Amino acid sequence: MDAQTFLKRLDSIPDLPTLPNIVMKVNNLLQDPDTSIKELGDTVETDQAMVTKILRLVNSTFYGFRSKIRNISHAIIILGFNNVRNALVSVSIIKTFSGGKGL
């Protein structure tokens, strides 16, 4: 699908849903240079579905760690702030547009 077609389809949607509050909170935290890993981890942990997705991502074969990462703060350190933001936004968008079914 080219950009023109995509934009036409996007314009045809009468009412775009908003992203979940967790994504907005995380995005605000990530824009603040004084945000700690603990604060970000605590915020992400309020949504267990997001925690599961992030832990699945960091434990995927793409990263290839020998042992499982079981702590969200450790996962955030490994993934980095930008990848965490991208993962949360992507999962939220997919979940929103698929009727809340998730991945």
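Structure's up top.
The sections below set out a description of the structure shown in this document.

### A short note on the overall build of the chain
Phase 1: Broken down by element type, the chain carries six helices and zero strands.
Phase 2: Ordering the α and β elements of the chain from the N terminus gives α-α-α-α-α-α.
Phase 3: Residues counted as buried form 25% of the 103 residues belonging to the chain.
Phase 4: Look at the contacts in the chain between residues 6 or more apart in sequence, and 49% of them connect residues 24 or more apart.

### A look at the packing of helix α2 (residues 21–31) against helix α6 (residues 81–97)
Phase 1: At a minimum axis separation of 10 Å, α2 and α6 run at an interaxial angle of 160°. Classified by the angle their axes make, α2 and α6 are roughly antiparallel. Regarding α2 and α6, the two cross each other, and that crossing is left-handed. Together, Val 23, Val 26, Asn 27, Leu 30 and Gln 31 of α2 and Phe 81, Arg 85, Leu 88, Val 89 and Ser 92 of α6 make up the contact between the two elements.
Phase 2: Per-class residue counts for the contact of α2 with α6 are six nonpolar, three polar and one charged.

### Observations regarding the nonpolar core
Phase 1: The biggest cluster of nonpolar side chains holds 20 residues, and the ones touching the most others in it are Val 26, Leu 40, Val 44, Met 50, Ile 54 and Leu 88.
Phase 2: Where this core is concerned, the elements lending two or more residues are α2, α3 (37–44), α4 (48–58), α5 (72–79) and α6.
Phase 3: Residue contacts for Ile 54: discarding those within four places in its chain leaves Val 44, Ile 72, Ala 75, Leu 79, Val 84 and Leu 88.

### Some thoughts on α3
Phase 1: Of all the positions in α3, only Leu 40, Gly 41, Thr 43 and Val 44 are classed as buried. Summarising the axial view, the buried residues of α3 lie within an arc of 160°, below the 170-degree limit, and thus occupy one face.
Phase 2: Each element contacted by the buried residues of α3 is listed here: α2, α4, α5 and α6.

### A closer look at the side chain of Thr 35
Phase 1: Position of Thr 35 among the secondary structure elements: in the loop between α2 and α3.
Phase 2: A polar atom in the side chain of Thr 35 sits 2.5 Å from the backbone oxygen of Leu 29.
Phase 3: A distance of 3.1 Å separates the side chain of Thr 35 from the backbone oxygen of Asp 32, its partner in a polar contact.
Phase 4: Sequence-distant contacts of Thr 35, that is, excluding residues within four places in its chain, are made with Leu 29, Leu 40 and Phe 81.

### A look at the packing of α3 against α5
Phase 1: In contact at an axis separation of 9 Å, α3 and α5 are set at 115° when each is read in the N-to-C sense. Taken as a pair, α3 and α5 cross one another with a handedness that is right-handed. Contact residues: α3 offers Ile 37, Leu 40, Gly 41 and Val 44, while α5 offers Ile 72, Ser 73, Ile 76 and Ile 77.
Phase 2: In terms of residue class, the contact of α3 with α5 is built from six nonpolar, two polar and no charged.

Conventions we followed
Residues numbered from 1 in each chain as written. Predicted model: local features only at pLDDT ≥ 70, side-chain atom pairs only at ≥ 80, totals over all residues. Heavy atoms only, no water. Helix = DSSP H or I, 4+ residues; strand = E, 2+ residues; numbered from the N terminus. Buried < 20%, exposed > 50% of the residue type's maximum accessible area, 1.4 Å probe, protein only. Contact = heavy atoms within 4.5 Å. Axes fitted to C-alpha atoms, helices over the stretch in contact; angles between N-to-C directions. Parallel < 35°, antiparallel > 145°, perpendicular 65-115°, else oblique. Left-handed = near helix turned anticlockwise from the far one by under 90°. Nonpolar A, V, L, I, M, F, W, Y, C, P; charged D, E, K, R; others polar. Core = buried A, V, L, I, M, F, W, Y, C linked by side-chain atoms within 4.5 Å. Arc of directions from axis to C-beta. Polar contact = N/O pair within 3.5 Å; in protein donor to acceptor, adjacent residues only side chain to side chain.

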